Amino acid sequence: MRLNPFDTSKIKVRSSDGGGRRMPGGRAGGMGCGTIVIVAIGALVFGIDPGQMLGVVEGVQQQGPQPQVQQGQRSEQEICSSSQYATEACAALTSLNETWEPEFARAGIPFEQPFLDLFRTGRVNTSGCGSASSASGPFYCPADMGIYIDTSFYDQLARMAGTGGDFARLYVIAHEYGHHIQNLTGIAGQVRSAQQQNPRNRNQLQVRMELQADCYAGVWAGKNRQLIERGDLEEGMRAAASIGDDTLQRNAGQRINPEGFTHGTSQQRMEALRRGLDSADSDVCNVYFDFG
């Protein structure tokens, strides 16, 4: 995908590597929007105990204070130029902000940019969602509105999806940004409330959350179709298929258990991404929820 040049003064980028370690803070609470994918990938791909993983990455239900950073924090420019993955991620964040902010303005909903934390340290501390290891994979913390990405996950994704293309990586960031949209619009809060009221439907509601985030990722790509290159769509579909619940369970040598699904099947994830991409209209993603 041919992303446009970006201005680092217009995005919020941080790094938990080197001279800018995130200070521990906040507290762990209810399940955050992006934590289930962490558990799924951590447990099924990396062999981590799901209970242990849930204990370190659950997010709080309300927004917390912004992260505190020690002296020596690298500038956005230094972070964004530190690697190909970082440059690509900063360009994607710019594009996502530029795509979604006008949508919020038209809807009359206050918009706030998320920040992107790129790390490769083995562990990251957030200000409201506890800490997570490199095995966690990408996640969104609703408490501090941060998208956390251990860039080593991209290497793992390339092996899982069978592609090292950039669009697979951009899909990951766009998906986590989709959780930010859900946070700002109140959908995330409504889902958490529904999960608390009816715990038996918890996983089913979580699946819808993840599929809607996939749909939002597709909408972003659809609105920037002029930047899409040959092979990008195939890369995105392979990435979506590689992290479907059924595929993760199968690749881990487990029996396919629909009751344990938290993100949807590979087919559902591809369909959600395609739904948003073909329409380029965020309204189509409302199909996953009807709160009246």
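Q: Describe helix 7 (residues 187-197), with residues and values.
A: Of all the positions in helix 7, only Ile-187, Ala-188, Val-191, Arg-192 and Gln-195 are classed as buried. The buried residues of helix 7 all sit within an arc of 135° when viewed along its axis, so they share a single face. Across from the buried face of helix 7, at angles greater than 90 degrees, the exposed residues are Gln-196 and Gln-197. In this structure, the buried residues of helix 7 make contact with helix 6 (166-185) and helix 8 (202-223).

Q: An account of the pattern of salt bridges is requested, with residue identities and associated values reported.
A: Taken as a whole and judged by the stated rule, the model has 6 salt bridges. A single salt-bridge network, built from bridges that share partners, covers Glu-103, Arg-106 and Lys-223.

Q: So what's going on with the packing of aromatic side chains? Residues and values would help.
A: Under the criterion given, the structure shown has 5 aromatic pairs. Ring centres of Tyr-85 and Tyr-154 lie 5.1 Å apart, and the angle between their planes is 70°; this geometry places the pair in the edge-to-face category. With Tyr-85 in helix 4 (residues 84-107) and Tyr-154 in helix 5 (residues 152-161), the pair connects residues that are 69 residues apart, well separated along the chain. Of the two residues, Tyr-85 and Tyr-154, neither departs from the other in class, the shared state being buried. With centroids separated by 5.6 Å and ring planes inclined at 80°, the aromatic side chains of Phe-115 and Tyr-148 adopt a geometry described as edge-to-face. Of the two residues, Phe-115 is situated in strand 2 (residues 115-119) and Tyr-148 in strand 6 (residues 146-150); the sequence distance between them amounts to 33 residues.

Q: A description of the nonpolar core should follow, citing residues and the corresponding values.
A: Taken as a class, soluble globular proteins show a tendency for nonpolar side chains to be buried jointly. In terms of nonpolar packing, the biggest core is built from 63 residues, with Met-1, Trp-100, Tyr-177 and Trp-220 touching the most fellow members. Counting residues in hydrophobic clusters, the runner-up holds 9 residues, among them Phe-119, Val-124, Ala-143 and Tyr-148.

Q: So what's going on with the sheet that holds strand 1 (residues 12-15)? Which residues, and what values?
A: The strand order across the open sheet formed by 4 strands is 1-2-6-5, and the pairing between neighbours is mixed. The strands lining the two open edges of the sheet, one partner per strand, are strand 1 and strand 5 (139-141). Along the sheet, successive strands turn relative to each other by an average axial angle of 25°, direction set aside. With 3 bridges connecting them, strand 5 and strand 6 associate as antiparallel partners. Within strand 6, the position partnered with Phe-139 by the bridge is Tyr-148. Sheet strands touched by helix 4: strand 1 and strand 2. Its angle to strand 2, the strand with the most contacts, is close to 170°.

Q: I'd love a proper account of the packing of helix 4 against helix 6, names of residues and values included.
A: The contact between helix 4 and helix 6 brings their axes to 10 Å, and the two run at 40°. Taken together, the axis directions place helix 4 and helix 6 in an arrangement best described as oblique. Classified by chirality, the crossing of helix 6 by helix 4 is right-handed. Of the residues in helix 6, those touching helix 4 at Gln-84, Tyr-85, Glu-88, Ala-89, Ala-92, Leu-93, Leu-96, Asn-97, Trp-100 and Phe-104 are Asp-166, Arg-169, Leu-170, Ile-173, Ala-174, Tyr-177, Ile-181, Leu-184 and Thr-185.

Q: Tell me about the state of the cysteines, and please be specific about residues and values.
A: Taken as a whole and judged by the stated rule, the model has 3 disulfides. Here Cys-80 engages in a disulfide with Cys-90; their sulfurs sit 2.0 Å apart. The sign of the -85° torsion about the S-S bond sets the Cys-80-Cys-90 disulfide as left-handed. In this pair, Cys-80 sits in helix 3 (residues 76-80) while Cys-90 sits in helix 4, placing the two residues 10 residues apart along the sequence. As far as burial versus exposure is concerned, Cys-80 and Cys-90 are alike and both buried. Linked covalently through their sulfurs, Cys-129 and Cys-141 form a disulfide whose S-S length is 2.1 Å. Here Cys-129 and Cys-141 share a disulfide; its torsion about the S-S bond, 90°, makes the bridge right-handed. Of this pair, Cys-129 sits in the loop between strand 3 (123-125) and strand 4 (131-133) while Cys-141 sits in strand 5, and the two are 12 residues apart along the sequence. The pair Cys-129 / Cys-141 is uniform in exposure class, with both members buried. Counting only the cysteines that form disulfides, in the order they appear in the protein, gives the pairing 1-2, 3-4, 5-6.

Q: Give me the pairing of strand 6: which residues, what numbers.
A: Of all 5 residues that make up strand 6, 5 are buried, and the element is covered over most of its length. Of the two faces of strand 6, both are covered, the one formed by Gly-146, Tyr-148 and Asp-150 as well as the one formed by Ile-147 and Ile-149. Connecting strand 5 to the antiparallel partner strand 6 that follows it, the hairpin turn spans 4 residues, and Met-145 within it adopts a positive phi of roughly 55°.

About the cut-offs
- Residues numbered from 1 in each chain as written.
- Predicted model: local features only at pLDDT ≥ 70, side-chain atom pairs only at ≥ 80, totals over all residues.
- Heavy atoms only, no water.
- Buried < 20%, exposed > 50% of the residue type's maximum accessible area, 1.4 Å probe, protein only.
- Helix = DSSP H or I, 4+ residues; strand = E, 2+ residues; numbered from the N terminus.
- Arc of directions from axis to C-beta.
- Contact = heavy atoms within 4.5 Å.
- Salt bridge = Lys/Arg side-chain N within 4 Å of Asp/Glu carboxyl O.
- Phe/Tyr/Trp six-rings, centres within 6.5 Å; stacked < 30°, edge-to-face > 60°.
- Core = buried A, V, L, I, M, F, W, Y, C linked by side-chain atoms within 4.5 Å.
- Pairing = 2+ DSSP bridges.
- Axes fitted to C-alpha atoms, helices over the stretch in contact; angles between N-to-C directions.
- Parallel < 35°, antiparallel > 145°, perpendicular 65-115°, else oblique.
- Left-handed = near helix turned anticlockwise from the far one by under 90°.
- Disulfide = S-S within 2.5 Å.

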